[in-house]
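# Commentary on secondary and tertiary structure
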Amino acid sequence: MLNLDELQFVPHTSFQSLFAQEEVQELWTYLKTPDNLIRIDAALYLGKSPLEVITPNLLTLHMFSDGVDKSQKDRYKKVTGAMIKALANELGYVANQSRIKLKAGTLERPQLFSTSTTYSKKGV
């Protein structure tokens, strides 16, 4: 199992100033919770999008609320994708070149992302 205390996210240079924000640091901590890691790992194992699976949880965070500026929310979504990629790598998966289009959201099942990277098990 992963040692969550040692699990680090090294942001790309385009995300360094964003990652320095307290709210984004909290997002990283939130994504690493055991419940979210189980969701992410199960989605990866089933060949599903981890982003799609954790969207209901992400929508509870202020940074993804309706009151947040769209361009700022888009930056948060991009850094979230980068964090998911880092977690997927730690869980033994690599990103595929292809992206998938996610189902459009509904009132009952809102969707935060329109596309997602797919992943495959390393060495398979």
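The structure reproduced in this document is the subject of the present report. Within each chain, residue numbers correspond to sequence positions counted from 1 in written order. Predicted model: local features are reported for residues with pLDDT of at least 70 only, side-chain atom pairs are reported and counted for 80 or more only, and whole-chain, interface and lining totals are derived from all residues. The side-chain quantities take in all heavy atoms of the structure and omit both hydrogens and water.

### Some words on the packing of helix 2 (residues 22–31) against helix 4 (residues 50–58)
- Look at helix 2 against helix 4: their axes get within 12 Å of each other, and the N-to-C directions meet at 120°. Taken together, the axes of helix 2 and helix 4 are oblique relative to one another. Like other packed secondary-structure pairs, helix 2 and helix 4 cross with a definite hand, here right-handed. Between helix 2 and helix 4, the contacting residues are L27, Y30 and L31 on the first element and I54, N57 and L58 on the second.
- A per-class count over the contact of helix 2 with helix 4 returns 5 nonpolar, 1 polar and no charged. The convention used is that axes are lines fitted to C-alpha atoms, helices contributing only their stretch in contact, and that angles between N-to-C directions extend from 0 to 180 degrees. Starting at the N terminus, helices and strands are each numbered in turn, a helix being any DSSP run of H or I of at least four residues and a strand any DSSP run of E of at least two. Between 65 and 115 degrees an angle is taken as roughly perpendicular, under 35 as roughly parallel, over 145 as roughly antiparallel, and anywhere else as oblique. Take the far helix as the reference: if the near one is turned anticlockwise from it by less than a right angle, the crossing is left-handed, and if turned clockwise, right-handed. For this analysis, residues touch if any pair of their heavy atoms sits within 4.5 Å. Just so you know the grouping, Ala, Val, Leu, Ile, Met, Phe, Trp, Tyr, Cys and Pro go in nonpolar, Asp, Glu, Lys and Arg go in charged, and all remaining residues, Gly too, go in polar.

### Comments concerning the packing of aromatic side chains
- Classification of ring pairs rests on two measures: the distance between centres of Phe, Tyr or Trp rings, Trp counted by its six-membered ring, which must be within 6.5 Å, and the angle between planes, read as stacked under 30 degrees, edge-to-face over 60 and tilted in between. Taken as a whole and judged by the stated rule, the model has 3 aromatic pairs.
- Ring centres of F9 and F19 lie 5.1 Å apart, and the angle between their planes is 65°; this geometry places the pair in the edge-to-face category. Placement of F9 in the segment before helix 1 (16–19) and of F19 in helix 1 is noted, with a sequence separation of 10 residues between them. In terms of burial, F9 and F19 fall into one category: buried.
- These aromatic residues form a ring-pair network of at least three members: F9, F19 and W28.
- Positioned over the ring face of F113 is K77, at 5.9 Å from the centre of the ring. Whether a residue is buried, partly exposed or exposed follows from its accessible area with a 1.4 Å probe, protein chains only, as a fraction of its type maximum: under 20%, in between, or over 50%, in that order. For a Lys NZ or an Arg CZ to count as sitting over a ring, it must be within 6 Å of the ring centre and within 35 degrees of the ring normal.

### Remarks on the layout of surface pockets
- We place a 1 Å grid over just the protein atoms. Points where a 1.4 Å probe fits but has no way out form a cavity, open points with protein on both sides within 12 Å along at least 5 of 7 lines form a pocket, and any residue with an atom within 4 Å of a point lines it. Grid points are joined across faces, edges and corners, and a volume is the space filled by probe spheres set on the points. Space inside the largest pocket adds up to approximately 320 Å³.
- What lines the largest pocket is a set of 19 residues, among which L51, K77, G81, R99 and T115 lie closest to the centre.
- Looking at the lining of the largest pocket, the elements that each hand over two or more residues are helix 4, helix 5 (70–90), strand 1 (93–101) and strand 2 (115–121).
- Ranked by the residues each element gives to the lining of the largest pocket, the list is headed by helix 5, at 7 residues.
- Along the lines of polarity and charge, the residues of the lining of the largest pocket split into 8 nonpolar, 6 polar and 5 charged.

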